[in-house]
Amino acid sequence: MTYDIGSDGGEAGRETDAVARYAILGPVRAARGTDELDLGPPKRLALFALLVLRAPGPLTLSEAIDVLWDDEPPASAANVVHRHIGALRRTLEPQLRSRSDARHLVRAADGYRLLVETSNSDLLHFRDLCAQARLAVRAGDPARAAHRFVEALRLWRGPVVADGSLVCRHPVFTAVGHEFVAVVKEASDVVLTAAPALTEDLLTALRQALDGHPFDEAVHARVIAALAATGRQAEALRQFDGIRRRLADELGVDPGPELRAAQQHLSQRRLTAPVKGPADPVPAAPAPSQLPADCVSFVGRRSALDRLLELLPLEGESPAPPITAAICGMAGVGKTTLAVHVAHLAAARCPGGQVYVDLRGHHASQAPLDPGEAMRTVLEALGIETVPAQPGTAALGSAYRRALAGRRLLLVLDDARDSEQVRPLLPTTPGCLTIVTSRRRLEGLAVTDNARVVRLDPMTRRESLELLERRLGADRLRGERAAAEEIVEVCGGLPLTLAVAGTRALLQPAFSLASLAARLQDGRGSLAALSTRDVRTDVRSAFTASYQALSPSAASLFRLLSLHPARDITAPAAASLAGTGVRDTHSDIAELTDHHLLAELVPGRYTCHGLLRSFAAELSSRCDPAGVRSAARARMVEHYLYSADAATALLTPHRRALILPPPRPGVRPAQFHDRAQAAEWIIAERHVLPSLVEDMGLLPGGETFRRQLCSTLRTFTHRVDR
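Residues numbered from 1 in each chain as written. Predicted model: local features only at pLDDT ≥ 70, side-chain atom pairs only at ≥ 80, totals over all residues. Heavy atoms only, no water.

Novice: Lay out the overall build of the chain with the relevant residues and their values.
Specialist: Summing up its helical and strand segments, the chain has 31 helices and 14 strands in all. Here the contacts in the chain between residues at least 6 apart in sequence split such that 67% fall between residues at least 24 apart. Here the chain displays about 33,900 Å² of accessible surface, and carbon together with sulfur accounts for 52% of that area. (Helix = DSSP H or I, 4+ residues; strand = E, 2+ residues; numbered from the N terminus. Contact = heavy atoms within 4.5 Å. Areas by Shrake-Rupley, 256 points an atom, 1.4 Å probe, with all protein chains shown as cover.)

Structure follows, in structure tokens:
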């Protein structure tokens, strides 16, 4: 591929500026005309790659130093960069007399700039072609989009800066590699449907992506689909078997839903692809069977399972009205696993087929699936050509309802963003079953569509131990029961974190469970001990997707709740902590409970899961200034101090030892109408108040607060002991 620059018009520069090309999508290269330019030693080569990466924007001196030296840079680092810049100028413009006349590599107030256009740089050209492809998709021209995507993918000659440069593994360059993988996936979804003739080019790019990301299941799934589309069923099956074995042998995990769906689709193609003669009639499309594989380590969940299975009609009964079951809960609690398990149990009662759709409501990198696109996914699974209408139009909705009429279909809608995303997809045919999962409460579906909402809580201690036993074996747990219980406690009953911990134990069979438990305990209070490099299995990434869906005020309250000394809190205490009105705080709390970042397990008291509290603490330390956190702590202390004083005034007015000044703005003390309410508050908060006394020394005026609260605590202790 050539990237041309026309002459700038000057006679002296005509020879040097005729044609220039810069490339970093593979070995770093620079050429002028037909001549390859010698970019010099490794440090200079790496600096040039950085300039191409940032072009046409600036490369600051500080960034150049940070990237070029892995460890502590020498005192001469800035001078070294300046010398390499001068050498690169001379390489790019041999006849340059003064750097002020430079037309390629220039000094600016914000750093150094390599002045390039799209036609000069393979990276810029790649991004421009991808932008053109996305515009074509939005314009309803997928065939043109497919050609643009493939043209972009052909620009890649190997890993970024792959010729031994010192910085090839630095995050600024590996991020470009991730960009390539994302585009390969995006291109696959367009090419396989709109331009099958380009499938071989697509396969080349997919295999390039796997070279650097051998465990990316989404890429493997698309390789399988591409091989199947070109008739290479056996090779596609070998592809699946190969990655399945590697996942099991090297990571100790099973294939994920996307890879399992690709394998099941492949198996369906093999079963329904008989050799036809010229006169053979075209068979009707078979009932789809798209459910991801059931989880082999599924355990527990007896209560939720019973509630879901009792919705199903008995075998032999006439078709019941359509049923919608919504499984809701916090990130990582196992909603998808339960939904797929129930779907497998119910599949025989839905002869119209089983369709699985990932709605991507909380996907780490992709936007939620538009309801119209979800309709098209279901129609394609049923073997029905969709009408030529934009997603969400009345024509598409009519085609969807006609296609589902008379079918007893099982539809799994995974990871719904909200009720509105789901409503257009719900079948109305008797006998249909829809299972929805979401991090939201989906109360709206219960109101308008008679959905049965099942809240999925974290696993019990017994279920968690059983899950670990399924993954590690009974013998290993029997030998280290106490360590297994420690692991379970740190994981907080989340199947996601239990699976991560179990996988680490599987990968190191010679290590004791006690050593794993010790590492997890060392990281307690943070998510570092349970974090992974895979966005699909990283608990911090899962929580982040829920947090990013919040309004600013609810997000602020969520962060500040980590400052509270106990897991549960009342609305007035939360209002004081945030410094907002009780009505606004109730609204924020309702939003947090809707996203399952808080739970109301006891009326009027809101609880945050321990791992979510750790996540909130990380966010607060990073996002909230020290002054904001200090003021929130002071308001929280005053809330309990003035609430305790109000309770004392009702219960033992003769024991009040101190007269308090008015509370600071934003403090919302609890209000008690009678002695019974005051006594209930004392009992509910008796574990919080001593914790506040211990932390008060860190606050301005904390010693005064401490004396006042200690006096009230003595009254409380006397009252509770009686």
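From this point, the discussion proceeds with the structure in view.
Novice: Explain helix H10 (residues 233–251) to me, using residue names and the numbers behind them.
Specialist: With 19 residues, H10 ought to run about 27 Å at 1.5 Å a step, and its terminal C-alpha atoms sit 26 Å apart, in line with that. Of the positions making up H10, those classed as buried are Gln-233, Ala-236, Phe-240, Ile-243 and Leu-247. For H10, the angular spread of the buried residues around the axis is 100°, confining them to a single face. Of the residues in H10, the exposed ones pointing more than 90 degrees away from the buried face are Arg-238 and Asp-249. Gly-252 sits one or two residues past H10 and shows a positive phi near 70°. (Expected span 1.5 Å × (residues − 1). Buried < 20%, exposed > 50% of the residue type's maximum accessible area, 1.4 Å probe, protein only. Arc of directions from axis to C-beta.)

Novice: Give me the lowdown on unusual backbone geometry, citing residues and values where you can.
Specialist: Positive phi, normally seen in glycine, also occurs at Asn-450, with a value near 55°. The phi torsion at His-596 lies on the positive side, around 60°, for a residue other than glycine. Its place among the elements puts His-596 in the loop between helix H26 (582–594) and strand E13 (599–602). A relative accessible area of 12% means that His-596 is categorised as buried.

Novice: For the sheet that holds strand E2 (residues 29–32), give the residues involved together with the corresponding values.
Specialist: Reading across the sheet, the three strands line up as E1-E2-E3 and stay open at both edges, with antiparallel pairing between neighbours. Looking at strand neighbours, the two that pair on one side only are strand E1 (20–23) and strand E3 (35–36), the edges of this open sheet. Pairing between E2 and E3: two bridges, direction antiparallel. Residue pairing across strands places Ala-31 opposite Glu-36, the latter belonging to E3. (Pairing = 2+ DSSP bridges.)

Novice: I'd love a proper account of the side chain of Thr-429, names of residues and values included.
Specialist: For Thr-429, the position within the fold is in the loop between helix H16 (419–422) and strand E10 (433–438). Residues contacting Thr-429, with those up to four places away along its chain left out, are Pro-322, Leu-404, Ala-405, Gly-406 and Arg-407.

Novice: So what's going on with the pattern of salt bridges? Which residues, and what values?
Specialist: Tallying each qualifying case throughout the model produces 29 salt bridges. The partner of Arg-134 in a salt bridge is Glu-186, and the shortest N-O contact between them spans 2.9 Å. Highlighted residues: Arg-134 in helix H5 (residues 122–138) and Glu-186 in helix H7 (residues 171–194), separated in sequence by 52 residues. Residue Arg-134 is classed as partly exposed on the basis of its relative accessible area of 31%. Accessibility expressed as a relative area gives 30% for Glu-186, which makes it partly exposed. The salt bridge involving Asp-568 is made with Arg-605; its shortest N-O contact spans 2.8 Å. (Salt bridge = Lys/Arg side-chain N within 4 Å of Asp/Glu carboxyl O.)

Novice: I'd like a rundown of the confidence of the model for the chain, residues and numbers included.
Specialist: Interpretation of this model should avoid reading the predicted coordinates in detail wherever pLDDT is low. Taken over all residues, the pLDDT of the chain has a mean of 81, while the share at 70 or more is 84%. Per-element confidence in the chain is highest for E10, whose mean pLDDT is 96, and lowest for helix H1 (residues 11–17), whose mean pLDDT is 42. In this model, residues 1–17 is a region of pLDDT below 50 whose contacts with residues beyond four sequence positions or in other chains number 40 contacts. Every residue in residues 270–284 is under pLDDT 50, and counting partners more than four places away or in other chains gives six contacts. (pLDDT = per-residue confidence, 0-100.)

Novice: How would you sum up the nonpolar core? Please name residues and give values.
Specialist: Grouped together as the largest cluster of nonpolar side chains are 95 residues, with contacts concentrated most on Leu-338, Ile-487, Phe-543, Phe-558, Leu-592 and Tyr-640. Once residues lying within four places of it in the same chain are set aside, the contact partners of Leu-592 are Leu-550, Ala-554, Leu-557, Phe-558, Leu-561, Leu-597 and Leu-598. One finds Leu-105, Leu-198, Leu-203 and Val-219 within the second-largest nonpolar core, a separate group that totals 81 residues. (Core = buried A, V, L, I, M, F, W, Y, C linked by side-chain atoms within 4.5 Å.)

Novice: I'd love a proper account of the sheet that holds E13, names of residues and values included.
Specialist: Pairing is antiparallel in the open sheet, where three strands are placed in the order E12-E14-E13. Taken across any chain shown, the strands that pair with only one partner, and hence form the sheet edges, are strand E12 (568–570) and E13. The mean angle between the axes of side-by-side strands here comes to 45°, regardless of whether they run parallel or antiparallel. Across three bridges, the pairing between E12 and strand E14 (residues 605–607) is antiparallel. Residue pairing in the sheet places Thr-570 in a bridge with Arg-605 of E14. Running at roughly 90° to E12, helix H25 (residues 571–578) makes contact with E12 and E14 of the sheet. (Axes fitted to C-alpha atoms, helices over the stretch in contact; angles between N-to-C directions.)

Novice: Now, about the packing of aromatic side chains: what can you tell me, with residues and values included?
Specialist: For the coordinates displayed, the defined rule picks out nine aromatic pairs. A network of ring pairs unites the aromatic residues Phe-543, Tyr-547, Phe-558 and Phe-615 as a single cluster. In this arrangement the basic side chain of Lys-43 is found over the ring face of Trp-69, its NZ or CZ atom lying 5.0 Å from the centre. In this arrangement the basic side chain of Arg-246 is found over the ring face of Phe-215, its NZ or CZ atom lying 4.9 Å from the centre. (Phe/Tyr/Trp six-rings, centres within 6.5 Å; stacked < 30°, edge-to-face > 60°. Lys NZ or Arg CZ within 6 Å of the ring centre and 35° of its normal.)

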